Amino acid sequence: MLSLFRVSVVLEKMNERNYVPEGMLAKNTENTMYLCSRKGLETAMHQGKILESTAVLCDCQTMQLQVDLGEVKGIMEREESVWSPDGSPVRDIAIITRVGKPVQFKIKSFRHNERGETIAILSRKDAQRECFRNYINTLCCGDIIPVRITHLEPFGAFCDIGGGIIALLTVDSISVSRISHPADRFETGEYIMAVVKQIDRDTGRIYLSHRELLGTWEENAACFSPGQTVTGIVRSVEDYGVFVELSPNLAGLAEPTDAVSPGDACSVYIKSIIPERMKIKLVLIDNCGSAEVRPCRYFVDTDRIMHIDKWVYSPRSSKKVIESTFDDDLLDCQTAIER
């Protein structure tokens, strides 16, 4: 396990300078205090504080963002709107899509426009660069961090890991129970915890995992007993049976049927639970219609545990071993071997 000193450093770096996903600072008392007056904004500039407010307008000719700062107008120039660790050029769509959403920034200076109004010159790029240097660049594989889902694609969920800097959570790393699309598990704008899976130090790209927080096979199976009738979600319909998700990290197999489709909620009877084979045999009782996204339950105390080195999903009695080992020197942390 990571030393207590290392854990305290991660927490301190994340909290000391507000290195959190965009949207998490808006209701922060300190952030509100700085935004409430010109004097507060000036103090924040001199102290180099990272603030957050909502982008309310984009001038599509200059690609300037206007940010709500109360009595002072905040302007963010195009080149100050986005920063990338690998130096990728700023894309207009990345600026336009910030309108109506929270943005983090540092105040560079103040000036007056032709009407005598006070304008605060803002830089999201400076805030992101500082966040990357002082927080994200110190992360290690296995660190557990808060993230915000920014958008969903069939191959994975893009997550803000701090200041609007994006990491990818691939669909196969979301849960042990296989899903067809990240929307089966998450909603855009949702805050979750995730594990740093892989870090490309050359490009600054970070990949995440989530399934290690959702419990082992035994932890999930302990929530159920043979003889119970429970609800589940159909994840796959095969010739040999129907896979039904009982929880995000646990699925069972029912007899083949044409009465259900992937994404349906259903009621199932639990016939047996077999740890040595990691099998749960089910009997399909009824189709309950389209399933809603269920909130995930974490089996890891993420308020106390900020890092994991290794996670073993399979029971000791199982011949098949499914585990994750987190190491900065490994290209792929996921392994499955025969015992």
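Reading guide: rules and limits
- Residues numbered from 1 in each chain as written.
- Predicted model: local features only at pLDDT ≥ 70, side-chain atom pairs only at ≥ 80, totals over all residues.
- Heavy atoms only, no water.
- Helix = DSSP H or I, 4+ residues; strand = E, 2+ residues; numbered from the N terminus.
- Buried < 20%, exposed > 50% of the residue type's maximum accessible area, 1.4 Å probe, protein only.
- Contact = heavy atoms within 4.5 Å.
- Areas by Shrake-Rupley, 256 points an atom, 1.4 Å probe, with all protein chains shown as cover.
- Lys, Arg positive; Asp, Glu negative; His and termini not counted.
- Charge placed at Lys NZ, Arg CZ, Asp CG, Glu CD.
- Core = buried A, V, L, I, M, F, W, Y, C linked by side-chain atoms within 4.5 Å.
- Pairing = 2+ DSSP bridges.
- Axes fitted to C-alpha atoms, helices over the stretch in contact; angles between N-to-C directions.
- Phe/Tyr/Trp six-rings, centres within 6.5 Å; stacked < 30°, edge-to-face > 60°.
- Lys NZ or Arg CZ within 6 Å of the ring centre and 35° of its normal.
- Polar contact = N/O pair within 3.5 Å; in protein donor to acceptor, adjacent residues only side chain to side chain.
- pLDDT = per-residue confidence, 0-100.

Asks: Mind showing me how you'd approach the overall build of the protein here?
Replies: For the protein, the helix and strand inventory stands at six helices and 18 strands. In the protein, which comprises 339 residues, the proportion classed as buried is 49%. Long-range pairs, those at least 24 residues apart, make up 62% of the contacts in the protein with a sequence separation of at least 6. For the protein, the exposed area adds up to about 16,700 Å²; of that, 50% sits on carbon and sulfur atoms. For the protein, the centre of its 40 positive side-chain charges and the centre of its 48 negative side-chain charges are spaced 2 Å apart.

Asks: Before we go on, may I ask you to explain the nonpolar core in this structure?
Replies: Soluble, globular proteins show a tendency: their nonpolar side chains are buried together. Ile136, Ile161 and Leu208 are the most contacted members of the largest nonpolar core, which has 38 residues in total. Counting only elements with at least two residues in this core, the list comes to α5 (124–134), β6 (144–153), β7 (156–162), β8 (165–170), β9 (191–199) and β10 (206–209). Here the element with the most residues in this core is β9; it accounts for six residues. Leaving out residues up to four positions away in the same chain, Ile136 has contacts with Cys131, Ile161, Gly162, Ile165 and Ile206.

Asks: Can you help me understand the sheet that holds β8 in this one?
Replies: Backbone hydrogen bonds hold the strands of a sheet together, and the pairing may be parallel or antiparallel. Reading around the barrel, the five strands line up as β6-β7-β8-β10-β9 and close back on themselves, with mixed pairing between neighbours. Neighbouring strand axes in the sheet, compared pairwise and without regard to direction, differ in orientation by 55° on average. Bridging between β9 and β10 involves four bridges; their strand directions are antiparallel. Considered in β10, the bridge of Val195 is made with Ser209.

Asks: I tried to follow the packing of aromatic side chains on my own but got confused; where do I start?
Replies: The geometry of two aromatic rings is summed up by the distance between their centres and the angle between their planes. On inspection of all chains with the given rule, the structure shows five aromatic pairs. A centroid spacing of 6.3 Å and a plane angle of 10° characterise the contact between Tyr19 and Tyr135, whose relative ring orientation is stacked. Of this pair, Tyr19 sits in the loop between α1 (4–16) and α2 (29–35) while Tyr135 sits in the loop between α5 and β6; the two residues are 116 residues apart in sequence, bridging distant segments of the chain. Centroid distance Tyr240 to Phe243: 6.0 Å. Interplanar angle 85°. Geometry classified as edge-to-face. Assessed through its relative accessible area of 29%, Phe243 is described here as partly exposed. Across from the ring centre of Phe110, 4.7 Å away, lies the NZ or CZ of Arg38, which sits over that ring. Seen from the ring of Phe299, Arg297 lies directly overhead, with NZ or CZ sitting 4.2 Å from the centre.

Asks: Please explain the side chain of Ser236 as it appears in this structure.
Replies: Take Ser236: it is sitting in strand β11 (residues 229–238). Among the polar contacts listed, one links the side chain of Ser236 to the side chain of Glu238, at a separation of 2.4 Å.

Asks: Would you mind showing me how to read the confidence of the model for the protein here?
Replies: Where the model shows low pLDDT, its predicted coordinates should not be examined in detail. Within the protein, residue pLDDT values average 90, and 92% of them lie at 70 or more. The model gives residues 1–14 a pLDDT under 50, and that stretch makes 21 contacts with residues more than four places away or in other chains.

Asks: What's the story with the pairing of strand β12 (residues 241–247) in this structure? I'm lost.
Replies: When a strand is regular, its side chains alternate between the sheet's two faces. Extensive coverage of β12 is indicated by the burial of six of its seven residues. Both β11 and β12 contribute to a ladder of five bridges, which runs antiparallel. The partner of Glu238 across the bridge, within β12, is Gly241. Hairpin connection, β11 to β12: the antiparallel pair is bridged by two residues. As defined by bridge partners, β12 adjoins strand β13 (residues 250–254) across five bridges and the pair is classed as antiparallel. Bridging across to β13, Ser247 finds its partner in Leu250.

Asks: Just to check I follow, could you spell out the environment of Glu245 for this structure?
Replies: Structurally, Glu245 can be placed in strand β12. For Glu245, a relative accessible area of 1% gives the class buried. C-alpha separation for the pair Glu245 and Arg235, spaced ten residues apart in sequence, amounts to 6.4 Å. Residue contacts for Glu245: discarding those within four places in its chain leaves Ser177, Ile179, Arg185, Gly232, Ile233, Arg235, Leu250, Ala251 and Arg294.

Asks: Mind showing me how you'd approach the pairing of strand β3 (residues 72–76) here?
Replies: Across the five residues that make up β3, a large majority, four, are buried. Pairing of strand β2 (residues 64–69) with β3 involves five bridges; the strand directions are antiparallel. Paired with Leu69 across the bridge in β3 is Val72. From the end of β2 to the start of β3, which pair antiparallel, there are two residues, and Gly70 there has a positive phi angle of about 75°. As paired strands, β3 and strand β5 (residues 118–123) are joined by four bridges and run parallel to one another. Bridging from a neighbouring strand, Ile75 pairs with Ile121 of β5.

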